Amino acid sequence: MAARIDRDLVVGTALRLLNEVGLEGLTLRRIAKELDVQAPALYWHFKNKQELLDEMATEMFRRMTGPLTGRGPEAAGYGVTWQETVLGACSALRRGLLRYRDGGKVFSGTRMTDESYAEPLEFLLGTFVDAGFTLRDGVRVWWTAYNFTVGLVIEEQSVFPVPGDPESRDPAYDFDERERRLGSAYPLAALAGREMFADFDRGFESGLRLILAGIEATRGRETGS
């Protein structure tokens, strides 16, 4: 007899299967098969796949709450300056999303199903306000850094789809072939591929530092018409 299922069991199973089959292969039917129930049984808990994705994203975020608020072993280096706080929070966000295949895509565009986001947001905005930012500018700081991080993770996972496996690089990102094909006519574009897609650790940190430098250089200025 199949075990009784609840929302937590469905979400946990879905997150585990996500690493096996990816977002495209994750269907309610596939989850039901894994749980040894009929697919309609899942509709008692989730009306459709989007509702399930919202809950999956929320659970992913719950698991990141400690690192995002500067607590726990993954949060070392927080709290000295607002810049280091942003670097620490975005690094924790990236690590958290990279634990799941297509984690960036699952997280992007979904809605939180509870208030688990409020504590990290309060912590980050408080850091910015304490550093002299207005609330409005503090929100812009985090929203900009957050969107950069999620967008970079989506790109990173398109190149390396299997979490933790650097050998899983998509064959479409063959730098030698790209340079051979583009080199004579577009030499700069040919070499740009390695800069964009070969070292995401370096690209993440250098890109985020560019954003932070820009924020520091323009802080306090209004960007009206």
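Residues numbered from 1 in each chain as written. Predicted model: local features only at pLDDT ≥ 70, side-chain atom pairs only at ≥ 80, totals over all residues. Heavy atoms only, no water.

Considerations on the packing of helix H7 (residues 135-159) against helix H10 (residues 200-218)
Part 1 of the reasoning: Where H7 meets H10, the closest approach of the two axes is 11 Å, and the angle between their N-to-C directions is 160°. Judged by the inter-axis angle, H7 sits roughly antiparallel to H10. For the pair H7 and H10, the sense of crossing is right-handed. Counting all contacts with H7, which are made through Val141, Thr144, Ala145, Phe148, Thr149, Leu152, Glu155, Glu156 and Val159, the residues of H10 involved are Phe200, Gly203, Phe204, Gly207, Leu208, Ile211 and Ile215.
Part 2 of the reasoning: In terms of residue class, the contact of H7 with H10 is made up of 10 nonpolar, four polar and two charged. (Axes fitted to C-alpha atoms, helices over the stretch in contact; angles between N-to-C directions. Helix = DSSP H or I, 4+ residues; strand = E, 2+ residues; numbered from the N terminus. Parallel < 35°, antiparallel > 145°, perpendicular 65-115°, else oblique. Left-handed = near helix turned anticlockwise from the far one by under 90°. Contact = heavy atoms within 4.5 Å. Nonpolar A, V, L, I, M, F, W, Y, C, P; charged D, E, K, R; others polar.)

As for unusual backbone geometry
Part 1 of the reasoning: Positive phi is not limited to glycine here, since Asp36 has a value of about 60°.
Part 2 of the reasoning: Counting through the fold element by element, Asp36 comes out in the loop between helix H2 (28-35) and helix H3 (49-68).
Part 3 of the reasoning: Classification of Asp36 as exposed rests on a relative accessible area of 57%.
Part 4 of the reasoning: You will see that Asp102, though not glycine, has its phi angle at about 60°, which is positive.
Part 5 of the reasoning: Among the structural elements, Asp102 can be located in the loop between helix H4 (82-98) and helix H5 (103-107). (Buried < 20%, exposed > 50% of the residue type's maximum accessible area, 1.4 Å probe, protein only.)

Digging into the environment of Ala192
Part 1 of the reasoning: Here Ala192 lies in helix H9 (residues 187-197).
Part 2 of the reasoning: Residue class for Ala192 comes out partly exposed when judged on its relative accessible area of 24%.
Part 3 of the reasoning: Counting along the chain gives 106 residues from Ala192 to Val86, while the straight-line C-alpha distance between them is 27 Å.

Topic: the packing of aromatic side chains
Part 1 of the reasoning: Scanning all chains against the criterion turns up 10 aromatic pairs.
Part 2 of the reasoning: Measuring from centroid to centroid gives 6.1 Å for Phe128 and Phe133, while their planes differ by 70°, and the two rings are edge-to-face. The residues Phe128 and Phe133 share a single accessibility class, namely buried.
Part 3 of the reasoning: Ring geometry for Trp142 against Tyr146: centres 6.0 Å apart, planes inclined by 50°, an arrangement best described as tilted. Of this pair, Trp142 and Tyr146 both sit in helix H7, four residues apart, which is roughly one turn of that helix.
Part 4 of the reasoning: In textbook terms, an aromatic cluster arises when at least three aromatic residues are bridged by ring pairs, as seen for Phe61, Phe107, Trp142, Trp143 and Tyr146.
Part 5 of the reasoning: The positively charged end of Arg219 is found above the aromatic ring belonging to Phe133, 3.8 Å away from the centroid. (Phe/Tyr/Trp six-rings, centres within 6.5 Å; stacked < 30°, edge-to-face > 60°. Lys NZ or Arg CZ within 6 Å of the ring centre and 35° of its normal.)

As for the pattern of salt bridges
Part 1 of the reasoning: Following the criterion strictly, the structure yields 19 salt bridges and no others.
Part 2 of the reasoning: Between Asp114 and Arg62 there is a salt bridge, with its nearest N and O atoms 2.9 Å apart. Remark: Arg62 occurs in helix H3 and Asp114 occurs in the loop between H5 and helix H6 (118-130); sequence separation between them is 52 residues.
Part 3 of the reasoning: Taking the relative accessible area as the measure of exposure, Asp114 reaches 22% and is therefore partly exposed.
Part 4 of the reasoning: Take Arg62: its relative accessible area is 29%, and that puts it in the partly exposed class.
Part 5 of the reasoning: Counted as one network, the salt bridges with shared partners bring together Arg7, Glu55, Glu59, Arg62, Arg63 and Asp114. (Salt bridge = Lys/Arg side-chain N within 4 Å of Asp/Glu carboxyl O.)

Things to note about the UniProt feature "DNA-binding region" (unreviewed entry) in the protein
Part 1 of the reasoning: The UniProt feature table records "DNA-binding region" (unreviewed entry) at residues 27-46.
Part 2 of the reasoning: Taken end to end, residues 27-46 has its terminal C-alpha atoms 12 Å apart, with 40% of it in helix and 0% in strand. (UniProt positions renumbered as here; feature names shortened; annotations may be inferred.)

Description of the nonpolar core
Part 1 of the reasoning: If you look at the biggest cluster of nonpolar residues, it comprises 56 residues, and the most contacted ones within it are Ile31, Leu42, Leu52, Met56, Val86, Phe107 and Phe128.
Part 2 of the reasoning: Of all the elements in the fold, those that place two or more residues in this core are helix H1 (7-25), H2, H3, H4, H5, H6, H7 and H10.
Part 3 of the reasoning: With sequence-adjacent residues up to four places away left out, Phe128 is seen in contact with Trp82, Val86, Phe133, Gly138, Val141 and Trp142. (Core = buried A, V, L, I, M, F, W, Y, C linked by side-chain atoms within 4.5 Å.)

As for the confidence of the model for the protein
Part 1 of the reasoning: Looking at the protein, pLDDT values average 89 and 93% of them are 70 or higher.
Part 2 of the reasoning: No element of the protein has a lower mean pLDDT than H3, which averages 91, and none a higher one than H7, which averages 96. (pLDDT = per-residue confidence, 0-100.)

As for the environment of His45
Part 1 of the reasoning: Tracing the chain through its elements places His45 in the loop between H2 and H3.
Part 2 of the reasoning: Residues His45 and Leu124, spaced 79 residues apart in sequence, show a C-alpha to C-alpha distance of 33 Å.
Part 3 of the reasoning: Excluding residues within four positions of it along the chain, His45 makes contact with Ile5, Asp6, Arg7 and Glu51.

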